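This is what each chain is made of:
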Amino acid sequence: MKTKANGSKSILVLHGPNLNLLGRREPEVYGSMTLEEINENLLNLAKKSGIELVAFQSNMEGELIDRIQQAMDDDVDFIIINPAAYTHTSIALRDALAATGLPFIEVHLSNIFSRESFRKESYFSDLALGVISGLGAKGYELALKYALTAR
């Protein structure tokens, strides 16, 4: 991961559709933590490590694409993304990630490989540095810890 002139590093965390309902939506599948709690935890970990972290959630594909493209102008070093349902449907989101050339980790709260057959296909996994699936909110923390050590 490159270092900015001021010595800081920048990570963008993207959350896809329906993740704004975490804590209320199927907690037996997605856990009881809210998205706000997940983001707060990540921000605290980032602050301790001296990096800049920005979290963004949208239910709209175009907004997520715009934010990925903006990452290039924002000098983002790394992306952590939970594309949620777009994992299985969005070539446009995949193309945006490919266009930036930024390294990213794909995160899923549930184990997508133990669920319905359509959830086993990801349009992102072959581009991602790694995939973390099924570890709940801890998956975001593990992705962040990896991003901190990435070059």
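Residues numbered from 1 in each chain as written. Predicted model: local features only at pLDDT ≥ 70, side-chain atom pairs only at ≥ 80, totals over all residues. Heavy atoms only, no water.

*Asks:* Pulling in residues and values, what's your account of the environment of Y123?
*Replies:* Topologically, Y123 is positioned in the loop between β4 (104–108) and β5 (130–133). For the pair formed by Y123 and T87, sequence separation is 36 residues and the distance between their alpha carbons is 5.9 Å. (Helix = DSSP H or I, 4+ residues; strand = E, 2+ residues; numbered from the N terminus.)

*Asks:* Outline the packing of helix α3 (residues 61–73) against helix α4 (residues 91–100), listing residues and values.
*Replies:* Viewed as axis vectors pointing N to C, α3 and α4 meet at an angle of 0°, and their least axial separation amounts to 9 Å. By the angle between their directions, the pair α3 and α4 is classed as roughly parallel. Contacts from E61, L64, I65, I68 and M72 of α3 reach α4 at A92, L93, A96, L97, A99 and T100. Looking at the contact of α3 with α4 residue by residue, the classes come out as nine nonpolar, one polar and one charged. (Axes fitted to C-alpha atoms, helices over the stretch in contact; angles between N-to-C directions. Parallel < 35°, antiparallel > 145°, perpendicular 65-115°, else oblique. Contact = heavy atoms within 4.5 Å. Nonpolar A, V, L, I, M, F, W, Y, C, P; charged D, E, K, R; others polar.)

*Asks:* Just give me the short version of the UniProt feature "active site" (unreviewed entry) in the protein chain, but keep the residues and values in it.
*Replies:* Taking the numbering used here, the UniProt-annotated feature "active site" (unreviewed entry) corresponds to Y30 and H108. Across 79 residues of sequence, these annotated residues stay compact in space, with a maximum C-alpha separation of 9.0 Å. Judged by its relative accessible area of 11%, Y30 is buried. Along the polypeptide, H108 turns up in strand β4. Residue H108 is classed as buried on the basis of its relative accessible area, which comes to 4%. Every residue in contact with H108, bar those within four places of it in the chain, is listed here: N82, P83, T87, V131, I132, S133, G134 and L135. Separated by 2.6 Å, the side chains of H108 and E106 make a polar contact. (UniProt positions renumbered as here; feature names shortened; annotations may be inferred. Buried < 20%, exposed > 50% of the residue type's maximum accessible area, 1.4 Å probe, protein only. Polar contact = N/O pair within 3.5 Å; in protein donor to acceptor, adjacent residues only side chain to side chain.)

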